[in-house]
Amino acid sequence: MSKTATPIKKNELVTIQFEDMTHEGNGVGKINGYPIFVPNVIPGEIAKVKAIKVKKNFAIGKLIELEHVSPERVDPPCDVYLQCGGCQLQHMSYQLQLEMKQKQVENALKKIGHIQHVKVEPTIGMEDPWRYRNKVQIPVGEKAGELITGFYRQKSHDIIEGMDRCIITSEVNDRMVEAVRAIASKLGISAYDEQTHRGILRHIMVRTGENTGQTMIVLVTRTNELPHKKKLIEQLTQNFPSITSIMQSVNQERTNVILGRRTKCLWGKEYIYDTIGEIKFAISAKSFYQVNPTQTKALYDKTLAFANLTGGETVIDAYCGIGTISLFLAERAKKVYGVEIVPEAIEDAKQNAKLNGIRNTEFVVGQAEKVMPWWTAQGLKPDVIVVDPPRKGCDEALLQAMLQMKPDRIVYVSCNPSTLARDLQILEDGGYQTQKVQPVDMFPQTAHVETLVKLQRRYP
Ligand code: SAH
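For the chain, the name recorded in an unreviewed UniProt entry is 23S rRNA (Uracil1939-C5)-methyltransferase, with Amphibacillus marinus as its organism.

Here it is in structure tokens:
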């Protein structure tokens, strides 16, 4: 059998025009229908590219020279933009980023979900799309006897050196990472080495409540013991009064998962507070909390609008995390039930309900796809269901459970248009109509897009 020839060979140069963009933010150019994916280009641009990986059905290329430059191209302000890969769209104007995200959602709904009838609203963007992240998790390494921190170079585990700031992270978090690095380095705490599975400090995680200014530092270590911890705590807390919590997460596994199973409180409280709108939240180290506070408010306001509550409704918030959406909705509902798989998050959710004097919520730990059928068996009949699943979307069993529960409306919050589109098709086939689709830019400069969808039951 002869191998089908590809239209381009490895290391070959070719000049192509880019027509489209993938969900990862790569430009797509074609030679006789054979796609080449290239980072750092813009649809409409023409460029000379070099094939660096050639597969049967596609190639990956590297930008060598632009021959036609898009008027939407801007200079990426980050020095390590091309090496890091954490951001994918810094070379585009912000307006174009927002338009590309809207288009990405439109394409997914049409191509994957076969949903043609619905209009996708323009993406809700940020006034200032920089320095928005309230959380950073940064790997620690060693160079010439010093600790270094920096994100990994794309598709590798080499730390980018000289990366002393990340301009999508809040300044306070940048400063905290640097402080922990410098102090730990001086104290002689070693960095974890993936190759040998030796050494101590793996990652530094910092989360700061945007509206309270409270900071939690999480030191992720391979070892149970953290040497010099007293001095480390002393120097951090004396110099940075905004720190209200220092935690240690012990991760003894050879894994890419950042946080370990066990979390210990080294100093202060086990959580920090933040507020979204009128509601106050306690957030612990392991709990999911939206990373962009400004846009979270916009997202939750829209969720509330799509849920269209009048005060008498029973609501389910599936994948509820620390109960953020549940508590936002509770004020306008009769009762809100939340379900979430991480026990610590449910503890936070319960505490958060109390903290805000909210009495009409109930939170359960478990897999949403198992708890929902159980709720049905108990006779629970929701009027509205909100789902906010991780990137892989809703479990099939959860979609079926929703269809059985027959709520009047469903609000789907999604961080992945592809799985959203797949799930919407199932809900449409099950008797729901997609009425509104609203992308929200939770992650400016990156290719990620958050989408909010309102579905209405077609018949009673
Ligand atoms: N709605 C929340 C959290 C959304 S993130 C907020 O806006 O803050 C998705 C959440 O789903 C995470 O907290 C994750 O722990 C949880 N999760 C993942 N798989 C789950 C499952 N099978 N059942 C219930 N929760 C799950």
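## As for the overall build of the chain
Broken down by element type, the chain carries ten helices and 20 strands. The C-alpha radius of gyration computed for the chain amounts to 24 Å, which stays within 12% of the reference 23 Å derived for 460 residues, consistent with globular compactness. Over its C-alpha atoms, taken along the principal directions, the chain stretches across nearly 65 × 60 × 50 Å. Counting only contacts in the chain whose residues sit at least 6 apart along the sequence, the fraction spanning at least 24 positions is 65%. Of the accessible surface of the chain, which amounts to about 21200 Å², a share of 49% is contributed by carbon and sulfur atoms. Of note, the chain has its 59 positive side-chain charges centred 5 Å away from the centre of its 52 negative side-chain charges.

## So, the nonpolar core
Residues Leu309, Val315, Leu329 and Val386 are the most contacted members of the largest nonpolar core, which totals 57 residues. Both domain 2 (98-127 + 292-457) and domain 3 (135-276) contribute no fewer than three residues apiece to this core. Discounting chain neighbours no more than four positions away, the residues touching Leu309 are Leu304, Val315, Leu329, Arg332, Ala333, Val384 and Arg409. If you look at the next biggest cluster of nonpolar residues, it comprises 37 residues, including Val105, Ile316, Leu380 and Ala401.

## Some words on the UniProt feature "binding site: S-adenosyl-L-methionine" (unreviewed entry) in the chain
Sites flagged by UniProt as "binding site: S-adenosyl-L-methionine" (unreviewed entry) map to Gln290, Tyr319, Glu340 and Asp388. With respect to the helices and strands, the residue Gln290 is situated in the loop between strand 13 (279-284) and helix 5 (293-307). Apart from the residues lying within four places of it in its own chain, the contact partners of Gln290 are Asn134, Thr296, Leu299, Tyr300, Asp388, Met442 and Glu450. Note that Glu340 resides in strand 15 (residues 335-340). Apart from residues lying up to four places away in sequence, Glu340 is in contact with Tyr319, Cys320, Gly321, Ala345, Ile346, Val364, Val365 and Gly366.

## Quick word on the packing of aromatic side chains
Remark: the centre distance and the inter-plane angle together describe each pair of aromatic rings, the angle taken between the planes. Applying the stated criterion across every chain yields a total of five aromatic pairs. Seen from their ring centres, Tyr271 and Tyr273 are 5.5 Å apart, and the 65° between their planes marks the pair as edge-to-face. We classify Tyr273 as buried; its relative accessible area is 14%. Note on Phe281 and Tyr289: the rings are 6.5 Å apart at their centroids and 50° apart in plane angle, and the pair reads as tilted. Exposure class is identical for Phe281 and Tyr289. Each is buried. Positioned over the ring face of Tyr273 is Lys280, at 4.4 Å from the centre of the ring.

## With respect to the domain arrangement of the chain
According to the domain assignment, the chain contains domain 1 (13-73), domain 2 (98-127 + 292-457) and domain 3 (135-276). Once you take the C-alpha centre of each, domain 1 and domain 2 turn out to be 35 Å apart. Each side of the interface is counted separately: domain 1 has six residues, and domain 2 has four residues. Counting the surface lost from both domain 1 and domain 2, the interface buries some 470 Å², and carbon and sulfur atoms represent 58% of this.

## Observations concerning the sheet that holds strand 1 (residues 13-21)
The five strands are arranged 1-2-3-5-4 in a closed barrel whose pairing can be described as mixed. Here the strands of the sheet are splayed against their neighbours by 50° on average, with no regard to which way each runs.

## Quick look at the pairing of strand 17 (residues 384-387)
A two-sided burial pattern is seen for strand 17, the buried positions comprising Val384 and Val386 on one face and Ile385 and Val387 on the other. Sheet topology note: the strand 17/strand 18 (residues 409-414) ladder contains four bridges and is parallel. Bridge pairing in strand 18 places Val384 opposite Arg409.

What counts and how
Residues numbered from 1 in each chain as written. Predicted model: local features only at pLDDT ≥ 70, side-chain atom pairs only at ≥ 80, totals over all residues. Heavy atoms only, no water. Helix = DSSP H or I, 4+ residues; strand = E, 2+ residues; numbered from the N terminus. Rg over C-alpha atoms; globule rule 2.2 N^0.38 Å. Contact = heavy atoms within 4.5 Å. Areas by Shrake-Rupley, 256 points an atom, 1.4 Å probe, with all protein chains shown as cover. Lys, Arg positive; Asp, Glu negative; His and termini not counted. Charge placed at Lys NZ, Arg CZ, Asp CG, Glu CD. Core = buried A, V, L, I, M, F, W, Y, C linked by side-chain atoms within 4.5 Å. Buried < 20%, exposed > 50% of the residue type's maximum accessible area, 1.4 Å probe, protein only. Domains from an automatic or database assignment. UniProt positions renumbered as here; feature names shortened; annotations may be inferred. Phe/Tyr/Trp six-rings, centres within 6.5 Å; stacked < 30°, edge-to-face > 60°. Lys NZ or Arg CZ within 6 Å of the ring centre and 35° of its normal. Buried area = accessible area lost by both parts, 1.4 Å probe. Pairing = 2+ DSSP bridges. Axes fitted to C-alpha atoms, helices over the stretch in contact; angles between N-to-C directions.

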